[in-house]
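# Understanding the architecture of this molecule
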Amino acid sequence: MWDDAFPSFLIGLREGLEAGLIVSILVATLVRADARSRLPQVWTGVLAAIALALSFGAVLTFTAANLSATAQEAFGGILSVIAVAFVTAMVFWMRRSARTFSGEIRDKVTGALGMGAGMLMLTSFLAVGREGLETALFLWTTARAAGESAGPLTGAGIGLVLAAALCWGLYRRVLRINLTKFFTATGVVLIVIAAGVLGYGLRDLQEGGVLPGLTAYAFDLSGSVDAGSWYSTLIQGVFNLMPTMTWLQVVGYVGYLAAVMPLFVRGVKTRTPEHAPEPAPVAAELSKPSPSPSLSPRRRPVWVVPVAVVAVPAVVAGFVVAFARPKPASSETVAVSETECGKGFTAPDAGRQTFQMHNTGDKTAEVYLIDPASNAVYGEVEGLAPGTTRDLVATVAGGSYAWRCVPTGAKAVTSATVHVSGGGGAVKAVVPVSENDLAAPLKAYKGYVDQGLATLVTQTRQLSDDIAGDHLAKARTDWLTAHRTYSSLGAAYGTFEDFDQKINGRADGLAGGVQDKDFAGFHRLEYGLWHGQSAGELKVPAQQLAAAVGGLRKAFPTQDFDPGDLPLRAHEILENALQFELTGDTDEGSGTNLATVDSNLAGTRELLTVLKPLLTKESPKLLPGIDADIARLQKLLDSAHRGGSWTPVEQLNGTAKAQLDGATGKLLEDLAPVPDLLEIRKSA
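Residues numbered from 1 in each chain as written. Predicted model: local features only at pLDDT ≥ 70, side-chain atom pairs only at ≥ 80, totals over all residues. Heavy atoms only, no water.

## So, the overall build of the protein chain
The helix and strand tally for the protein chain stands at 21 helices and twelve strands. Within the span of the protein chain, comprising 684 residues, buried residues form 49% of the whole. Looking at the protein chain alone, contacts between residues at least 24 apart form 77% of all its contacts between residues at least 6 apart. A total of about 31,500 Å² of accessible surface is found on the protein chain, and carbon and sulfur atoms cover 59% of it. (Helix = DSSP H or I, 4+ residues; strand = E, 2+ residues; numbered from the N terminus. Buried < 20%, exposed > 50% of the residue type's maximum accessible area, 1.4 Å probe, protein only. Contact = heavy atoms within 4.5 Å. Areas by Shrake-Rupley, 256 points an atom, 1.4 Å probe, with all protein chains shown as cover.)

Right, dumping it as structure tokens:
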């Protein structure tokens, strides 16, 4: 998205233009010095600098990925602060050096020409390498702040391509740019962006435990600001201003701007007095003749040095990745079975560890690394078959740990407890949920479904009467009312057994499609009502629907409703809506897929209401984000509802469809942790 891409676009444009100007001046100087044979040495240094920057980015990414969650926050925060320092130094340096930029580079090249190929390569490598390292570091921090890499990388790529085009134009003397004005204007914008990166970095340091004040909020607008709206996303992406910010973030953001911006602006004014000569345009600078040194460069192999110089950064990065890869906690295997649970387990070092879990029993088992005092789970492996071995990766800190082995059909077994000394930072664990914990939410939701089915019985009988009386216009209205009621009961579909196929079955997979004799329920009536079928043709299907709903209403109290289905359905209801409704796949002519999504959303909201006490206990920060996502999706659905009609999915314009898909996807992303957080784990 552009809001994530803009900061990286700007840094790519600035750094790319700066590096490109250096290369252009190097090349122009050599050409005008009649030393074209030395151009490969310049390009070798440039390629080596690019390889170094890419390797630096790879090392940053690998290093962060192999740290604990807390350490990742601290690592990212430190690098964000360093990136801000680099960007600040860059904008001040370019403001000061823009007037004499090309002259300084030409002087360096002229000196390097007399010192051999190695010095010329080193000159171009150092000149471009600094820009490359700054770009890699800033891109890494902005991508981390955005939470994704596609937007920042796209923005940086566009900026670099544009910078290359500008430099080519300058070299060919097509363009004339006043560097002082360009770097001043972009410098002001970059200072604002850097303030946001600093605020984000300070928050990372707070979450990593390096700085205090994580819960000392200066303001919390999450309840009144739609975090998913376009304006909120734009502000967050470009300026890193969040709906909720701590006092330290606000002080850092405002303090940085208050200190840096006046210095930068004052420096611009003091360096551009009225009597100062106008700086020469870049195209003119590139066209100035350079002295032609009388040199006879020594002949030496052309490709050996370039290949070696370019390969060195990549090889160094490869060694870092290879030798920094975290090793398993030990070579010992931890046994999983009824009789040997935890055998071979010794106290590991604090930090990220890999345990090799081997099922030595004769039953498939689940195994959890737990805190024996609270039963909190730090890591788990499910479905470990007899005789097989799988890795379990977990981060441990100072404290007590044990293994809990749960063979299928047998009692859970807990190993002896080991104690880990030292730090390791805060480690997040999941407190297990039992069937008893879900008993109250299940009872409340069953009451909601029972009431909904009672309403549905009345509505489907009315629908049947409409069709029997040949009131087809009224039947279309009553069909939608009844179908929306059924669509709001999504979390119970798995308990409805064969009734769901009779009530809401689709024509997909039936040999005769919509004409198949087994096509029944709401969608059968939808097809008939919106394809001109007569009341006589629809009378029997309507009676069958009403009978199926009545049968379900009677059977539901005795049906087996697995409490573990509740957290699963919190995600699956809208997952199905995205797959079937927002694609128009289930539309049989009414064009009311969005009404169904609206009812699915209402059902999801009801389900989250009964699960709220448990979710608040397990992850207190989760629900506010989900609530904001729901509000955003609800607003988009409401905009497609005019009076009593809904916009058909196929009639949505590209922007509206993308917004609906994006809002639903974001909500699903935030709902994804719910099944894991509330998964029932056997504890005894």
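## A word on the packing of aromatic side chains
Applying the stated rule across the entire model yields twelve aromatic pairs. Ring centres 6.4 Å apart and planes at 75 degrees place the aromatic pair tryptophan 479 and phenylalanine 522 in the edge-to-face group. Taken as a pair, tryptophan 479 in helix H13 (residues 472–487) and phenylalanine 522 in helix H15 (residues 522–529) lie far apart in primary sequence, 43 residues in all. Each member of the pair tryptophan 479 and phenylalanine 522 is classed as buried. Centroid distance phenylalanine 496 to phenylalanine 556: 6.1 Å. Interplanar angle 75 degrees. Geometry classified as edge-to-face. You can see phenylalanine 496 sitting in the loop between H13 and helix H14 (499–504) and its partner phenylalanine 556 sitting in the loop between helix H16 (535–555) and helix H17 (565–581), a full 60 residues away along the chain. Of the two residues, phenylalanine 496 and phenylalanine 556, both sit in the buried class. Three or more aromatic residues link up through ring pairs in this structure, and these residues are Tyr445, Tyr448, Trp479, Tyr486, Phe496, Phe522, Trp530, Phe556 and Phe561. Above the face of the phenylalanine 499 ring, lysine 502 is positioned so that its terminal group lies 5.8 Å from the ring centre. (Phe/Tyr/Trp six-rings, centres within 6.5 Å; stacked < 30°, edge-to-face > 60°. Lys NZ or Arg CZ within 6 Å of the ring centre and 35° of its normal.)

## Notes on the state of the cysteines
Each disulfide consists of one covalent bond between the sulfur atoms belonging to two cysteines. Tallying each qualifying case throughout the model produces one disulfide. A sulfur-sulfur distance of 2.0 Å marks the disulfide that ties cysteine 341 to cysteine 405. Sign of the S-S torsion, about 85 degrees for the bond between cysteine 341 and cysteine 405, identifies this disulfide as right-handed. With cysteine 341 in the loop between strand E3 (333–336) and strand E4 (351–359) and cysteine 405 in strand E8 (residues 399–407), this residue pair connects regions lying 64 residues apart in the sequence. What makes cysteine 341 buried here is its relative accessible area of 12%. Here cysteine 405 falls in the buried class, since its relative accessible area comes to 0%. (Disulfide = S-S within 2.5 Å.)

## A word on a negative patch on the surface
On the surface, a cluster of negative charge is contributed by Glu435, Glu497, Asp498, Asp560 and Asp562. Among the secondary structure elements, glutamate 497 is positioned in the loop between H13 and H14. What makes glutamate 497 exposed here is its relative accessible area of 56%. (Patch = residues over 30% accessible without salt bridge, like charges linked within 9 Å, V, L, I, M, F, W, Y side chains within 5 Å. Salt bridge = Lys/Arg side-chain N within 4 Å of Asp/Glu carboxyl O. Lys, Arg positive; Asp, Glu negative; His and termini not counted. Charge placed at Lys NZ, Arg CZ, Asp CG, Glu CD.)

## A look at the side chain of threonine 604
Inspection of the secondary structure assignment puts threonine 604 in helix H18 (residues 593–618). Ignoring any residue separated from it by four or fewer positions in sequence, one finds threonine 604 in contact with Ala570, Ile573, Leu574 and Leu671.

## Let's talk about unusual backbone geometry
Phi at asparagine 375 takes a positive value of approximately 65 degrees, unusual for a residue other than glycine. Of note, asparagine 375 is situated in the loop between strand E5 (365–370) and strand E6 (377–384). Residue classification places asparagine 375 among the partly exposed residues on the basis of a relative accessible area of 24%. Residues other than glycine seldom take positive phi values, yet aspartate 470 does so here, at roughly 60 degrees.

## Concerning the packing of helix H12 (residues 435–468) against H13
For the pair H12 and H13, the least separation of the axes is 9 Å and the interaxial angle reads 160 degrees. By the angle class used here, H12 and H13 are roughly antiparallel. Between H12 and H13 lies a crossing whose hand is left-handed. The segment H12 lies against H13, with Gly452, Leu456, Gln459, Thr460, Gln462, Leu463, Asp466 and Ile467 engaging Leu472, Lys474, Ala475, Asp478, Trp479, Thr481, Ala482, Thr485 and Tyr486. Within the contact of H12 with H13, the residues separate by chemical class into eight nonpolar, six polar and three charged. (Axes fitted to C-alpha atoms, helices over the stretch in contact; angles between N-to-C directions. Parallel < 35°, antiparallel > 145°, perpendicular 65-115°, else oblique. Left-handed = near helix turned anticlockwise from the far one by under 90°. Nonpolar A, V, L, I, M, F, W, Y, C, P; charged D, E, K, R; others polar.)

## Quick look at a nonpolar patch on the surface
A cluster of nonpolar residues, Leu47, Ile50 and Leu54, forms a patch on the protein surface that exposes about 300 Å² of accessible area. Within the element layout of this structure, isoleucine 50 appears in helix H2 (residues 39–65).

## Some remarks on helix H19 (residues 622–639)
The end-to-end C-alpha separation of H19 is 27 Å, in line with the 26 Å expected for 18 residues at 1.5 Å each. Among the residues making up H19, those that are buried are Leu622, Leu623, Ile626, Ala628, Asp629, Ile630, Leu633, Gln634, Leu636 and Leu637. In this fold, the buried residues of H19 make contact with H18, strand E11 (641–642), strand E12 (645–646), helix H20 (654–671) and helix H21 (673–677). (Expected span 1.5 Å × (residues − 1).)

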